[in-house]
Amino acid sequence: MNDDAMSGHLSGRAVLAGIMGWPVGHSLSPRLHGFWLRQHRIDGAYVPLAVEPGNLAQALHALPALGFRGVNLTIPHKEPALAMVDRVTPVAARIGAVNTVVVTADGLLGDNTDGYGFMASLAAGAPGWRAADGPAALLGAGGAARAIAVALIDAGAPELRLVNRTQERAEALAGQIGDIAREHGAALAVLPWQGGDALAGASLLVNTTSLGMTGQPPLEIDLQSLPRAALVTDIVYSPLETGLLAAARARGHAVVDGLGMLLHQARPGFHAWFGVDPEVSEALCATVLAGLG
Ligand code: ATR
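The structure displayed is predicted, hence computed values, not measured ones.

Visitor: Now, about the sheet that holds strand 6 (residues 107-111): what can you tell me, with residues and values included?
Guide: Two orientations exist for strands paired in a sheet by backbone hydrogen bonds: parallel and antiparallel. As summarised here, the arrangement of the six strands in space is 2-1-3-5-6-4, forming an open sheet in which the pairing is mixed. The sheet is open, and its two edges are formed by strand 2 (44-50) and strand 4 (87-88), each paired on a single side. Sheet analysis places strand 3 (residues 68-73) next to strand 5 (residues 100-104), joined by three bridges and oriented antiparallel. Residue pairing in the sheet places N72 in a bridge with T100 of strand 5. This element, helix 2 (residues 29-39), spans strand 1 (15-21), strand 2 and strand 3 of the sheet and lies at about 175 degrees to strand 2. Set on the sheet, helix 10 (residues 267-274) makes contact with strand 1, strand 2, strand 3 and strand 5; between it and strand 5 the angle comes to about 15 degrees.

Visitor: Tell me about the packing of aromatic side chains, and name the residues and values.
Guide: Pairs of aromatic rings are described using the distance from one ring centre to the other and the angle between the two planes. Under the criterion given, the structure shown has four aromatic pairs. Their ring planes at 65 degrees and their centres at 5.3 Å tell us that W36 and F270 sit as a pair that is edge-to-face. Highlighted residues: W36 in helix 2 and F270 in helix 10, separated in sequence by 234 residues. Assessed through its relative accessible area of 0%, W36 is described here as buried. Take F270: its relative accessible area is 0%, and that puts it in the buried class.

Visitor: If you had to explain the site of the ligand to someone new, which residues and values would you point to?
Guide: Around the ligand, the surrounding shell consists of G140, A141, G142, G143, A144, N164, R165, T166, R169, T209, S210 and L211. Contact between the ligand and G143: an oxygen atom at 3.0 Å from a main-chain N or O atom of the residue. At a separation of 2.6 Å, an oxygen atom of the ligand approaches a polar side-chain atom of N164. In isolation the ligand exposes 640 Å². Once the protein is present, 70% of that is buried. For the shell around the ligand, the per-class residue count stands at three nonpolar, seven polar and two charged.

Visitor: If you had to explain the sheet that holds strand 8 (residues 159-163) to someone new, which residues and values would you point to?
Guide: Within the open sheet, the six strands sit side by side as 9-8-7-10-11-12. Their pairing is parallel. Since the sheet does not close on itself, it has two edges, and those belong to strand 9 (187-191) and strand 12 (254-256), each with one partner. Averaged over all pairs of adjacent strands, the angle between strand axes in this sheet comes to 15 degrees, irrespective of strand direction. When strand 10 (residues 204-207) meets strand 11 (residues 231-234), the two strands line up parallel, connected through four bridges.

Visitor: Can you lay out unusual backbone geometry for me, pointing to particular residues and giving the numbers?
Guide: At the junction of W22 and P23, the peptide bond is cis and its omega measures out at 5 degrees in the coordinates. Here P23 shows up in the loop between strand 1 and helix 2. Along the chain, S238 connects to P239 via a cis peptide bond; the corresponding omega equals 5 degrees. Topologically, P239 is positioned in the loop between strand 11 and helix 8 (243-250). Here the phi dihedral of R41 falls at roughly 50 degrees; this positive angle occurs in a residue that is not glycine.

About the thresholds
- Residues numbered from 1 in each chain as written.
- Predicted model: local features only at pLDDT ≥ 70, side-chain atom pairs only at ≥ 80, totals over all residues.
- Heavy atoms only, no water.
- Pairing = 2+ DSSP bridges.
- Helix = DSSP H or I, 4+ residues; strand = E, 2+ residues; numbered from the N terminus.
- Contact = heavy atoms within 4.5 Å.
- Axes fitted to C-alpha atoms, helices over the stretch in contact; angles between N-to-C directions.
- Phe/Tyr/Trp six-rings, centres within 6.5 Å; stacked < 30°, edge-to-face > 60°.
- Buried < 20%, exposed > 50% of the residue type's maximum accessible area, 1.4 Å probe, protein only.
- Near = heavy atom within 4 Å.
- Polar contact = N/O pair within 3.5 Å; in protein donor to acceptor, adjacent residues only side chain to side chain.
- Areas by Shrake-Rupley, 256 points an atom, 1.4 Å probe, with all protein chains shown as cover.
- Nonpolar A, V, L, I, M, F, W, Y, C, P; charged D, E, K, R; others polar.

The values reported here are purely geometric and, on their own, carry no functional implication.
Pasting the structure below:
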């Protein structure tokens, strides 16, 4: 610790990391990593980097020369980056996307911590729940759904039910994760949004769509056939208590909000870049939520 680090002044040896996105201005990651940097009095900075899609490869390859330890990636860079880094972790390859890049002696390592963040958030928010307990119903078929589907299969979910407005996208997702499901003996089903009874007998319901987010249409789903013992979670964190979570809570379900996934997915990157495994605390949650305005 020194006075400069405490007051946010950087030395010439400051450790650097950041987030590349386009746009990147809305990202809460600088606030989140900034909290941990101050908490641990680290001489370092985590900065937003607005990188146009066409400049991603150049920007990534400049990281070592700029002295960066690595970056997070957000929309629209997660999938293209897979082919731009020197190595990828097995989980990033399985998910087909990179959200965390670490500069190593052997070049750029691409990792994906979204699935880890999801599972860690459930472990913290619903410690009694186990993926192996029963089928999981997933709403959505985008990048977030793919990371969560892979994580649930890896954690022992016996069955995944994929539900999406555009059913062909759910079928495409089932095709992408089919081999992983077979390896683990997990059943995969694509069910219609209406009337498909994806919820009957399920032990988990996850919303991975943007429905219910501030400014987006509400998520309308009838929870009647969902067993009361099922856990309900949403990756939307603005608002924290989405309509889905409020409806589930009213029926007596355990619920986990979307903030935990955002916070926990950030931990492995912070550890790799700054050498400290940081904690997800109430004070961190309050600081990050304040950034939602
Ligand atoms: P991400 O990578 O964050 O998952 P994405 O790939 O844009 O983002 O996926 C967004 C998800 O929200 C999709 O499942 C999308 O459904 P479609 O595949 O049918 O587009 C879903 N979604 C977004 N707006 C929706 C709406 N108004 N009604 C139903 N689903 C919606």
